[in-house]
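Report on the structure
In case you want the letters, here they are:
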Amino acid sequence: MRKLLQKISEDRKAVVGSSLTIPDDLVFEILLRLPCKSIARCRCLSKLWASIFDSQDFTDRYLTISSARPQLLFAFQEYGKVFFFSTPQNHEHDNSSPITASYHMSFPVRSRVREIYSPISGLVCVKDERILKGMKTPVTVWMICNPSTGKSFSLPRINTRKWSTVRSFFGYDPVEKQFKVLSMTFATGVVNGVIDYTNSTDHQVLTLQAGKLSWRMIECSIPHYPRCNSVCINGVLYYIAENGAFSPTYRDMIIVSFDFRSEKFSFIEVAKPFFHSLINFNGKLASVTSDSNYFDRASTCLNLRVLDDIEKNEWSKHVYKLPLSWENVVADANLHCVKVTASNEVVLSGYSQRSPFYVFYYSLEKETIRRVEIQGMEAFTRFQVYTFVDHVEDVRRMKSVLGLAP
C-alpha cells in the first residue's frame, strides 16, 4: 500500500511540478473519508488508483470507519424495480430538523419481491419470484446487491420439488468471513377450508465464495415450519417457527437457531405469551413488543424480553412506560420495531411510505420518544417501505466479496 501511495505522490509532482509533499499516511486517511460515489469515480482514473481502493487494507479500514457511522436503509418496490435510499442513523436529538435521504441504486425484478433481508456488512439479499423463459410456473431467484456501489448479481436457482414454497435466510460467518444463504422448502394446501402446511424439507446452503456457486444439501433433525421473522447475531441465525414434532407442544411456536459456521440446527423453547419479533439487543437475542400487535397512539408500554442465558433458556423481561407525549408524537401511525441501536434507542418505523414520513426513536434509558422526518422519498407514497438499521458502506467489488481477484 505504501509503495502505491508513493507512486501516486511521484505522479502528482510530475504533473503539478510542486515540491510540497503530503505524508502517505495522511493521504491514506483522506482517501478513507471519500464517499462511495467518489471512490467509484477514482477507480476509473487508472489501474494504480483502482489497486489502492481494491486493496484489502483499504476496504477493511473503510468498512471499520463506516461501522462507526451506521445508516438507516430504506427499500421500495415500484413498477418492476427495487429502490434503495439511506440516511444517517445518528444525528441531533431534534424533532424539528428533517433529513434528506440519499438515493443509491435500483435494479429490475420480474414480479413482486417476496422478501428483502436485513443488510449484513453492506450487502442486501433480495428474494424474487419470476417466470423464466420456457417455464410456466414461477421460480425463486435471489439477488445480492450492494447499495453503496450500485452493483448486484443473481444467485443460481435452487432445485425444488413441484408446488413447493421456498423460505430463505441471509447470514454471515464472521470467523471464516463468508456470506451464506440458507433455504428450505415446504408445501401448503387447504384442508377442510383451512390452510395447512408441511414441515420444512430439503434444507440447502449456498456460500458466496470463489468458484462456481452451488447449493449444498444439509441435514436438519428438527421438524418445524419456518416463519419469516429472523435475526443474525455473531454468525448465528435465529428465526421463529412452529414445532412440527408430534408431541404435546405440536404446532407451538419455537425459535430455531442455525450456526452459519458449523451449519447445525438447534431450537429454543418459548414460554407463552409468545412474542413475534426478534432483534439483536447488545449482542443478545431479544424481542420488543407493545401491549397490542403493533405500536400506535393507543399503546401504553414497551415490553423488552432478553435471552440472558441461552444454555438455560433464561429470559428477562423489562417493561417501559411510554411517555405522555407518545400519543401526540406518534399521531395516527402504525409502527413496528426495527431494531435497538447501540445507544439503546428503539427504532420504530411504519409499514408504508407516507408524506411526511417519520422514523421514531424511543430511548430505553430516558424513556422519551422523538421522531425524525425523512424527505426525498415522496415518490413512493403509499408503497410498502422496508426499514433497516445499522447499514454500513462496503466499497468492495462483488468479485472481492466472492474471494476473486478484482
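Described below are features of the structure shown in this document. Bear in mind that the values here come from a model prediction, so they are computed numbers and not experimental data.

Right, let's get into the pairing of strand 6 (residues 124-130). Counting buried positions along strand 6 yields seven of seven residues, so the element is predominantly enclosed. Going residue by residue along strand 6, you find Val-124, Val-126, Asp-128 and Arg-130 tucked away on one face and Cys-125, Lys-127 and Glu-129 tucked away on the opposite face as well. Sheet topology places strand 5 (residues 113-116) next to strand 6; three bridges connect them, and they run antiparallel. The residue of strand 6 that forms the bridge with Ile-116 is Val-126. Across seven bridges, strand 6 lies against strand 7 (residues 139-146) in antiparallel orientation. The residue bridging Glu-129 from the neighbouring strand is Thr-140, located in strand 7.

At the junction of Ser-355 and Pro-356, the peptide bond is cis and its omega measures out at 5° in the coordinates. Assignment of secondary structure puts Pro-356 in the loop between strand 24 (345-350) and strand 25 (357-363). Despite not being glycine, Ala-331 has its phi angle at roughly 55°, a positive value. Mapped onto the elements, Ala-331 comes out in the loop between helix 6 (326-330) and strand 23 (335-340). Positive phi values are uncommon outside glycine, yet Glu-367 reaches one of about 55°. With respect to the helices, strands and loops of the structure, Glu-367 is situated in the loop between strand 25 and strand 26 (368-375).

With that settled, the discussion passes to the sheet that holds strand 21 (residues 301-309). Reading across from one edge, 19-20-21-22 is the order of the four strands in this open sheet, with antiparallel pairing throughout. A strand with exactly one partner marks an edge of an open sheet, and here the two such strands are strand 19 (279-281) and strand 22 (314-321). Here the average twist between neighbouring strands, direction ignored, is 35°. With eight bridges joining them, strand 21 and strand 22 adopt antiparallel strand pairing. Residue pairing in the sheet places Cys-301 in a bridge with Lys-321 of strand 22.

What the rule picks out here adds up to 15 salt bridges. We note a salt bridge from Asp-308 to Lys-284, for which the minimum N-O separation is 3.6 Å. A residue pair is termed long-range when its members are at least 10 positions apart, and Asp-308 in strand 21 and Lys-284 in strand 20 (residues 284-290) qualify at 24 residues. A residue is classified by how much of its surface remains accessible, and Asp-308, at 38% relative accessible area, is partly exposed. One salt bridge connects Arg-396 with Asp-394, and the closest N-O pair in it is separated by 2.9 Å. A network of salt bridges, in which partner residues are shared, links Glu-29, Arg-33 and Arg-61.

Glancing now at the pairing of strand 27 (residues 386-391). By the criterion of burial, strand 27 is predominantly enclosed, with five of the six residues buried. Two strands pair when backbone bridges link them, and strand 1 (residues 71-78) and strand 27 are joined in this way by four bridges, in the antiparallel orientation. Each residue of the ladder has a partner; that of Ala-75, found in strand 27, is Tyr-386.

What counts, and where the lines are drawn
For every chain, the first residue of the written sequence is number 1, and numbering continues from 1 onward in sequence order. Local features in this predicted model are restricted to residues whose pLDDT is 70 or higher, and side-chain atom pairs enter the listing and the counts only when it is 80 or higher, whereas totals over whole chains, interfaces and linings include all residues. Only hydrogens and water are removed before side-chain values are computed, so all heavy atoms of the structure are retained for them. Think of it in three bands: residues with accessible area under 20% of the maximum for their type are buried, residues over 50% are exposed, and the middle band is partly exposed, with areas taken using a 1.4 Å probe on protein chains only. Under the scheme used here, helices are H or I runs from DSSP no shorter than 4 residues and strands are E runs no shorter than 2 residues, and both carry numbers assigned from the N terminus. Two strands qualify as a pair provided that DSSP identifies no fewer than 2 bridges between them. Think of each axis as a best-fit line through the C-alpha atoms, taken over the contacting stretch in the case of a helix, with angles from 0 to 180 degrees between the N-to-C directions. Salt bridges are identified by distance alone: a Lys or Arg side-chain nitrogen within 4 Å of an Asp or Glu carboxyl oxygen.

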